[in-house]
Amino acid sequence: MIRTVLLSNVIEFAYSKGLPQRSCVSGQFQFPVFESNGQVDTHSQSLVSGPGIIVGRKGSVGEVIWLRQDFRPIDTTYYVKLKDPDNELIYWCYALKSLGLEKLNSYSAIPGLNRDVAYTKQVPLRSASDQKKIANILGSLDEKIELNRRMNEILKQLGQTLFCRYFVDKARHSNGNIHTIFHPKRGRNLQARNMIHDNTPVVSGRLKPAGFHNKANTAALVITISASGANAGFVSIWGEPVWLADSLYIDSTISKYVYTYYLFLKSKQKEIYDMQTSSGQPHIYPKHIGLLEIADLLESVFDSFEEKVQPLFNFMHKNRKQTDTLSKILNSLLPKLISGEIET
């Protein structure tokens with residue numbers, strides 16, 4: 001029988017420190033700066049020695065992130081301290097993911113995680129040897145997922161390099177606005193209670209799918225642009241049909257140059273973010289995308305480029321599908337290994 005204890009007996013959620021924006025420089029310092037949504041900047045000094053765990057306190061409530069290097073969390077997060085140094089830190093990262101901390105929202109206006117509420121959660125207290133075995137099993141899946149992510153980043157960078165070669169080096173003197181070529185469409189909101197769980201990703205304003213549904217409202221190859229919230233303007237691409245909720249999209253029914261326009265929009269990512277309008281919550285509208293300028297090139301250049309980058313994206317889509325499968329296996333195994341339902 002595996003004994004359970006209060007989370008507070010094992011872990012401390014330590015408060016992170018606020019950080020003035022002026023002290024951060026993107027990509028120019030050694031130590032990554034993390035908020036609850038992920039890395040936002042770099043800094044000259046770390047606060048926590050890696051490896052380490054951060055947990056979303058505000059914004060992405062309960063989001064658990066594992067970091068291998070020294071890092072600097074900011075005050076939208078907690079960082080984790082183990083009370084027993086003999087415990088396996090990576091194991092407790094997985095244990096925290098099994099607790100559903102994202103459901104412990106203590107604030108109505110701005111989502112927030114109260115650590116005193118989290119401390120009341122019961123957790124299985126596994127032996128040190130079991131902790132290592134479980135961490136090794138789940139870690140092997142995570143390593144493959146991370147390898148796929150890095151490979152896709154390399155492929156995307158290669159595509160962006162090719163885009164610059166075609167659409168900067170070969171550009172004429174004149175540019176055209178996107179609105180003269182196509183108009184992004186808006187998705188249709190889908191409440192969680194109305195989702196019929198299946199395999200179709202529901203894409204909204206988040207960086208990850210908001211859920212899964214039994215049908216799509218786009219074609220199989222689609223660019224998505226988050227329309228509102230903290231990630232308004234974020235550009236992504238999907239090699240499968242999706243249900244578009246709080247997002248704009250350009251799919252293969254709107255343009256045959258989906259890969260080309262994806263790389264174009266990614267090259268304009270900062271400009272798109274800067275277009276956000278807000279009376280409270282940031283928004284991006286189709287008119288903003290329509291104002292972007294792209295090189296006025298012959299259609300044959302678009303045809304040639306689309307053909308050249310297609311194999312890169314085919315490989316990226318294959319990696320993403322494999323990652324989705326591995327993530328489902330990991331998410332299925334995780335609670336069963338932590339609880340002891342599956343013995344190691």
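Whatever comes next refers back to the structure up there.
Conventions we followed
- Residues numbered from 1 in each chain as written.
- Predicted model: local features only at pLDDT ≥ 70, side-chain atom pairs only at ≥ 80, totals over all residues.
- Heavy atoms only, no water.
- Salt bridge = Lys/Arg side-chain N within 4 Å of Asp/Glu carboxyl O.
- Helix = DSSP H or I, 4+ residues; strand = E, 2+ residues; numbered from the N terminus.
- Buried < 20%, exposed > 50% of the residue type's maximum accessible area, 1.4 Å probe, protein only.
- Expected span 1.5 Å × (residues − 1).
- Bend = angle between axes of the 7 residues up to and from the residue.
- Contact = heavy atoms within 4.5 Å.
- Polar contact = N/O pair within 3.5 Å; in protein donor to acceptor, adjacent residues only side chain to side chain.
- Pairing = 2+ DSSP bridges.

Let us look at the pattern of salt bridges. Once the charged atoms of two side chains with opposite charge are near each other, the side chains can pair. Tallying each qualifying case throughout the model produces eight salt bridges. Taking the shortest distance from any N to any O, the salt bridge between Glu-153 and Lys-156 comes out at 3.3 Å. Residue Glu-153 and its partner Lys-156 are both found in helix α3 (residues 128-167); the two are separated by three residues, about one turn of the helix. For Glu-153, a relative accessible area of 30% gives the class partly exposed. Here Lys-156 falls in the buried class, since its relative accessible area comes to 15%. Two residues, Asp-303 and Lys-256, come together in a salt bridge whose shortest N-O distance is 3.8 Å. Separated by 47 residues along the polypeptide, Asp-303 in helix α7 (residues 299-339) and Lys-256 in the loop between β17 (247-251) and α4 (258-267) bring together distant segments of the chain.

Let us now look at α3. Here α3 contains 40 residues, and its C-alpha end-to-end distance of 56 Å stays within 8% of the 58 Å for a straight helix at 1.5 Å per residue. Its axis deflected by about 25 degrees at Gly-139, α3 carries its strongest bend there.

Turning to the environment of Arg-320, a few remarks are in order. Checked against the element boundaries, Arg-320 lands in helix α7. It is 8.9 Å that separates the C-alpha atoms of Arg-320 and Gly-239, two residues lying 81 residues apart in sequence. If we skip the residues at most four places from it in the chain, Arg-320 touches Asn-152, Ser-236, Ile-237 and Trp-238. At 2.6 Å, the side chain of Arg-320 forms a polar contact with the backbone oxygen of Ile-237.

Moving on: the sheet that holds strand β12 (residues 200-203). The three strands lie next to each other as β13-β12-β16, forming an open sheet whose pairing is mixed. Whereas interior strands pair on both sides, the edge strands pair on one side only; in this sheet they are β13 (211-213) and β16 (243-244). By the bridge criterion, three bridges tie β12 to β13 in an arrangement that is antiparallel. From the neighbouring strand, Val-202 faces β13, where its bridge partner is Gly-211.

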